[in-house]
Amino acid sequence: MELPELGPLWLSLQLAAAATAVLIVLGTPLAWWLARTRSRIKPVIEAVTALPLVLPPTVLGFYLLLLMSPRSWLGGLWVEITDTTLTFSFMGLLVASVVYSLPFMVQPLQAAFESLGRGPLEAAAALRASPIDAFLTVAAPLSLRGFLTAAVLTFAHTIGEFGVVLMVGGNIPGKTRVISIAIYEHVETLRYAEAHTLAAVLMLFAFAVLVFVYVFNRRLPVHVA
Amino acid sequence: MRATFRLAAALLLAAAGAFAGEVTVAVAANAAEAVEALAAEFEQQSGHRVTVSVGSTGKLYAQILHGAPFDVFLAADQERPRLLVEQGLAVEGARMTYAVGRLVLWSPDAEVEASAETLRAGSFRRLAIANPDLAPYGAAARETLLKLGLWERLRSKVVLGENVGQSFTLAASGNAELGFVALSSVFSWPNESEGNFWEVPGHFHRPIRQDAVLLNRARKNPAARAFHRFLGSPGALKTIESFGFVVDRDVGPGDDGRRGRSGAR
């Protein structure tokens, strides 16, 4: 059996890894704030965070298309700075994926932070740790499992992304033609053999990653709140 | 007085109901508006009821293969209707070209001139076309660019929509300055006046023939047969034309496109 072009798989992996990295940086402070705040706008922010779950991907993709268009403020600013359009580029897909996968990062992290309770942090504060210090040396290590779950979900969700990419990607080989689009195109052009092979490679890979992560997860220290 | 009127109306409806049939029509998205208008006209003339399902030709075809309850299939190409006849899922001899698509180069912005010169100058960032491997309009767009000798040069600027409707969306939202789209989409766009288009000369690409077939399930459905006949009527052709298609007055229903076959190969 001949292997189909694997470029799209590689591209999907890069996109998922980048989206996960960006979301760890952006999602952690947001989840931390949501877990600790008593602000009255907390439910509003929580709802906004969950919205990408509600919107069908092609609808979300359509709005991202409008948002990233050179005519909008964001897309226009991007063109001015980089002299390229944000849509139809890897960066554009990354922005879209960050929006699309946001709840998959924030929700598990928020749950992990909430389960810590106030005790460990109060203890850290009593030992004169600064809040950032307390987070890095106490809260984050105790929430390792939460980070792992959030990262896995974000990564997997981005790999499986289809509708959004279909709208904002433009199907450019090497730049925006990710694996889901490639499989879809094979199916639509009745090249089922290539579609099956690519899908099988994707499934095997995803399966291997998930097994590895869950094995690793069992070895992590269990935190009891 | 009013009660009598109501009673009369109710009786009339009931009488009509006795003869009224049902037709379920599957139509490719790019012809949806035209076919919805046709359906309304047909309902008024015949008293039958028409249900219209819109989808992509490929997906509707797959659904029909798996037993979807459609009576008439109006595709965006000739390939799928031909395959359905071959596979014995559509009535032989009932394949007809109901519309021929008109490909235009379109710019939603009055400042950007949609023309072959603009394409040659390359003074734009992005050109949206439908995926040539999936959509007839995309194939026609690629043929046009090849004919102009610009395909290789513009390739890095080309972005692909899944279908011709998405190619239109990419241009309408400003993400691509130019797009090869269906004239029918330009006609149905509310801000039509702002943009400008160049209709690609017909000999630049193979004609975008859209075929309709009567599906097997409809063999014994007089309403479906009537709708299929209606598609070739002068009134229907006029409506289809008004939505931005060319019609082929020589090819009527029952004339199983001999032309069609030569075009598809």
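To keep things clear, this report deals only with the structure shown in the data block. (Residues numbered from 1 in each chain as written. Chains lettered and ligands numbered in written order. Predicted model: local features only at pLDDT ≥ 70, side-chain atom pairs only at ≥ 80, totals over all residues. Heavy atoms only, no water.)

Another point: the nonpolar core. All names here are of chain B. Grouped together as the largest cluster of nonpolar side chains are 60 residues, with contacts concentrated most on Leu 74, Leu 119, Leu 127, Leu 145, Phe 180 and Phe 227. Looking at which domains feed residues into this core, each of domain 1 (2-100 + 209-264) and domain 2 (102-204) gives three or more. When residues no more than four places from it in sequence are discounted, the contact partners of Leu 74 are Val 25, Ala 26, Val 27, Ala 28, Val 35, Tyr 98, Asp 211, Ala 212, Phe 227 and Leu 231. (Core = buried A, V, L, I, M, F, W, Y, C linked by side-chain atoms within 4.5 Å. Buried < 20%, exposed > 50% of the residue type's maximum accessible area, 1.4 Å probe, protein only. Domains from an automatic or database assignment. Contact = heavy atoms within 4.5 Å.)

This paragraph deals with the sheet that holds strand β6 (residues 127-130) of chain B. All names here are of chain B. Pairing in this open sheet of five strands is mixed, and the strands run β7-β6-β8-β5-β9 from one edge to the other. Two strands lie at the open edges of the sheet, namely β7 (158-161) and β9 (196-199), each paired on one side alone. Here the average twist between neighbouring strands, direction ignored, is 30°. In this structure, strand β5 (residues 103-107) lies alongside strand β8 (residues 178-182), joined through four bridges in antiparallel fashion. What sits directly across from Trp 106, in β8, is Gly 179. Across the sheet, helix α8 (residues 164-172) lies against β5, β6, β7 and β8, angled at about 145° from β8, the strand it touches most. (Pairing = 2+ DSSP bridges. Helix = DSSP H or I, 4+ residues; strand = E, 2+ residues; numbered from the N terminus. Axes fitted to C-alpha atoms, helices over the stretch in contact; angles between N-to-C directions.)

Here we take up the interface of chain A and chain B. For interface size, the figure often reported is the accessible area lost on association. Listed per partner, the contact involves 23 residues of chain A and 20 residues of chain B. Between chain A and chain B the total buried area reaches about 1,800 Å² when both faces are included, carbon and sulfur atoms providing 53% of it. Sorting the residues of chain A by area buried against chain B places A:Arg71, A:Phe88 and A:Glu188 first, and these three jointly supply 27% of that buried surface. On the surface where chain A and chain B come into contact, there are one salt bridge. Notably, a salt bridge pairs B:Arg125 with A:Asp83, separated by 3.5 Å at the nearest N-O pair. If you list the elements that add at least two residues to the side of chain A that touches chain B, you get α3 (57-68), α9 (163-168) and α10 (179-188) of chain A. When residues in the side of chain A that touches chain B are grouped by element, the largest group, four residues, is from α3(A). Taken together, the residues of the side of chain A that touches chain B break down into eleven nonpolar, seven polar and five charged. (Buried area = accessible area lost by both parts, 1.4 Å probe. Salt bridge = Lys/Arg side-chain N within 4 Å of Asp/Glu carboxyl O. Nonpolar A, V, L, I, M, F, W, Y, C, P; charged D, E, K, R; others polar.)

Here we take up the layout of surface pockets. Taken as a whole, the second largest pocket encloses approximately 350 Å³ of empty space. Residue lining of the second largest pocket: 15 residues in total, with A:Asn171, A:Pro173, B:Trp151, B:Arg155 and B:Leu160 positioned closest to the centre. Its residues placed into classes, the lining of the second largest pocket shows six nonpolar, four polar and five charged. (1 Å grid on protein atoms, 1.4 Å probe; cavity = no way out; pocket = protein on both sides within 12 Å on 5 of 7 lines; lining within 4 Å. Points joined across faces, edges and corners; volume = space filled by probe spheres on them.)

All names here are of chain B. Applying the stated rule across the entire model yields 15 salt bridges over all chains. Residue Arg 49 is joined to Glu 22 by a salt bridge in which the shortest nitrogen-to-oxygen separation is 3.2 Å. With Arg 49 in strand β2 (residues 49-55) and Glu 22 in strand β1 (residues 22-28), this residue pair connects regions lying 27 residues apart in the sequence. We classify Arg 49 as partly exposed; its relative accessible area is 48%. Look at the salt bridges and you will find they share partners, linking Glu 79, Arg 82 and Glu 86 into a network.

Our next topic: a positive patch on the surface. A contiguous patch of positive charge, built from B:Arg219, B:Lys220, B:Arg225 and B:Arg229, is present on the exposed surface. Mapped onto the elements of the fold, B:Lys220 is located in the loop between β10 (208-214) and α10 (222-230). (Patch = residues over 30% accessible without salt bridge, like charges linked within 9 Å, V, L, I, M, F, W, Y side chains within 5 Å. Areas by Shrake-Rupley, 256 points an atom, 1.4 Å probe, with all protein chains shown as cover. Lys, Arg positive; Asp, Glu negative; His and termini not counted. Charge placed at Lys NZ, Arg CZ, Asp CG, Glu CD.)

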